[in-house]
Amino acid sequence: MATRRPTSDDIRRLFVGSPPSYTRGEVAAAAGLPQEFTGRIWRALGFATLADDAVAFNDGDLDALRRIRAMLETGLLDEQAIVRMARALGRTTSRLAEWQAEIMMGAILEPGTRPSDEDLARSMEIAARFLPDFEQTLLHVWRAQLAATTSRLLAIAEMAEELPTTSRLSLAVGFADMVSFTAFSRQLDEFALADLVEGFEARTSDVIASHGGRLVKTLGDEVLFTATDPVTAGRIALDLVDELKRSIGRGEEGPDVRIGLSYGPVLPVMGDVFGTTVNLAARLTAIARPGAILADAEMAHGLEGAEGVEVMRIRRRPARGLGLVQPYVVRRTSPSAGR
């Protein structure tokens, strides 16, 4: 018998279990929440608004809404906080799901070929086999990330308590950018380009994590990271340059990298960071030469005396939207230094 192509109902049963049995009005009523509020929750999670009579919600959706009602009833979280949490969850899991699905399909299917019904059925079988393990691993990693993030926030809070009341809490911000990425990408096919971007993100994220920094976001050819102090950010930047050079030295041709570093007050919003400090790091990246690291004055001051690091002042440069800025070149101390 020919293998049947999996349907959307097959996929839903595999990943979310019980079939839908509620309209949006019914699921809201059963959960004891206003329909307008549950609609905000679904939109924040990234799901489309359905017709009033569409039967699209199952027992799992109802259980999630009841948990949300229980959280509201504690009085510790209001509706705005719940919606913001839902938006964070939706954006993160949407990207995670798409990324993991691409990895799985790429591992199972032949690149550049149209999948057959047998290929799709086999992918469903593999997903069913590994889903419990993925789910438990995801939960463990999420809890571990919460622990790491909370510890980092507590450390920052302790730093703030030690500062004078007139000071503002500061972080080190870094941008790492692949030089001439657009021109280089025109020479590659789509598979080689995907490998280049994934390799860049993998190497940069590994280096940042190894120093205890935070990878804020990736933009294909650019990475934004933060660290609690200038020395950590400086060592991350130096290792990033070295790692990319080693990759090219192994015959993995690719664009060079340039990095901008800045230290100062930042505004964290929805997992991202904003403010003049972030903008300055981006502008320093734009004026840095390939393979170079540029820092602002605050970052340079924080790197003074750091072992194995030297900072050199260069001429002032115009930076879009910021006027003239004073950059400093950051590099490793030469072997002959101090002899």
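Residues numbered from 1 in each chain as written. Predicted model: local features only at pLDDT ≥ 70, side-chain atom pairs only at ≥ 80, totals over all residues. Heavy atoms only, no water.

### Comments concerning the overall build of the protein chain
Check the secondary structure of the protein chain and you find 11 helices and 11 strands. Classification of the 339 residues of the protein chain by burial places 33% in the buried group. Considering only intrachain contacts with a sequence separation of at least 6, the fraction spanning at least 24 residues in the protein chain is 69%. For the protein chain, the exposed area adds up to about 20,800 Å²; of that, 55% sits on carbon and sulfur atoms. Taken together, the 39 basic and 46 acidic charged side chains of the protein chain have centroids lying 6 Å from each other. (Helix = DSSP H or I, 4+ residues; strand = E, 2+ residues; numbered from the N terminus. Buried < 20%, exposed > 50% of the residue type's maximum accessible area, 1.4 Å probe, protein only. Contact = heavy atoms within 4.5 Å. Areas by Shrake-Rupley, 256 points an atom, 1.4 Å probe, with all protein chains shown as cover. Lys, Arg positive; Asp, Glu negative; His and termini not counted. Charge placed at Lys NZ, Arg CZ, Asp CG, Glu CD.)

### A short note on the pattern of salt bridges
Tallied over the entire structure, the rule returns 12 salt bridges. Measuring nitrogen to oxygen at the nearest pair gives 3.1 Å for the salt bridge that ties Asp177 to Arg258. Of this pair, Asp177 sits in strand β1 (residues 170-178) while Arg258 sits in strand β4 (residues 257-265), placing them 81 residues apart in sequence. Arg258 matches Asp177 in its accessibility class, with the two residues each being buried. We note a salt bridge from Asp242 to Arg332, for which the minimum N-O separation is 2.8 Å. Highlighted residues: Asp242 in helix α9 (residues 230-249) and Arg332 in strand β11 (residues 328-332), separated in sequence by 90 residues. (Salt bridge = Lys/Arg side-chain N within 4 Å of Asp/Glu carboxyl O.)

### Topic: empty space enclosed by the protein
Going through the model one piece at a time under the given rule, you end up with one cavity of 30 Å³ or more. In terms of residue count, the dominant contributor to the lining of the largest cavity is helix α3 (residues 35-45) (five residues). Among the residues making up the lining of the largest cavity, the classes are represented as four nonpolar, four polar and two charged. (1 Å grid on protein atoms, 1.4 Å probe; cavity = no way out; pocket = protein on both sides within 12 Å on 5 of 7 lines; lining within 4 Å. Points joined across faces, edges and corners; volume = space filled by probe spheres on them. Nonpolar A, V, L, I, M, F, W, Y, C, P; charged D, E, K, R; others polar.)

### Comments concerning the packing of helix α2 (residues 24-31) against helix α4 (residues 59-73)
Their axes nearest at 9 Å, the elements α2 and α4 cross at an angle of 45°. Taken together, the axes of α2 and α4 are oblique relative to one another. α4 is crossed by α2, and the crossing has right-handed handedness. Between α2 and α4, the contacting residues are Val27, Ala30 and Ala31 on the first element and Asp61, Leu62, Leu65, Arg66 and Arg69 on the second. Among the residues forming the contact of α2 with α4, the class breakdown is five nonpolar, no polar and three charged. (Axes fitted to C-alpha atoms, helices over the stretch in contact; angles between N-to-C directions. Parallel < 35°, antiparallel > 145°, perpendicular 65-115°, else oblique. Left-handed = near helix turned anticlockwise from the far one by under 90°.)

### Here's the deal with the nonpolar core
Counting 30 residues, the largest nonpolar core has Ile259, Leu261, Ile293 and Met299 as the members making the most contacts within it. For this core, the secondary structure elements donating two or more residues are β1, α8 (190-210), β3 (222-227), α9, β4, β7 (293-295) and α11 (297-303). Per element, the largest residue contribution to this core is seven residues, and it comes from α9. Ignoring sequence-local partners within four residues, the contact set of Ile259 consists of Phe175, Ala176, Ala237, Leu240, Val241, Thr285, Ala288, Ala292, Ile293 and Leu294. (Core = buried A, V, L, I, M, F, W, Y, C linked by side-chain atoms within 4.5 Å.)

### Examining the layout of surface pockets
Volume-wise, the second largest pocket comes out at about 530 Å³. Taken together, 13 residues line the second largest pocket, and the ones lying closest to its centre are Trp99, Glu102, Ile103, Ala194 and Glu198.

### What to know about α3
The complete set of buried residues in α3 reads Phe37, Thr38, Gly39, Ile41, Trp42, Ala44 and Leu45. Those residues of α3 that are buried lie in contact with α2, α4 and α5 (79-108).

### What about a negative patch on the surface?
On the surface, Asp189, Glu190, Asp195 and Glu198 cluster together into a patch of negative charge. Here Glu198 shows up in helix α8. (Patch = residues over 30% accessible without salt bridge, like charges linked within 9 Å, V, L, I, M, F, W, Y side chains within 5 Å.)

### Quick word on the environment of Ala292
Considering the arrangement of structural elements, one finds Ala292 in the loop between α10 (276-287) and β7. In this structure Ala292 comes out as buried when scored by relative accessible area, which is 18%. Along the sequence, Ala292 and Val309 sit 17 residues apart, while their C-alpha atoms lie 14 Å from each other.

### Quick look at the confidence of the model for the protein chain
Predicted coordinates in areas of low pLDDT are best not read in detail. On average, residues of the protein chain score 85 in pLDDT, and 90% of them are at 70 or above. Averaged over each element, pLDDT in the protein chain is lowest for helix α7 (residues 181-185) (71) and highest for β7 (97). Across residues 163-167, confidence stays below pLDDT 50; counting only partners more than four residues off in sequence or on other chains, it has two contacts. (pLDDT = per-residue confidence, 0-100.)

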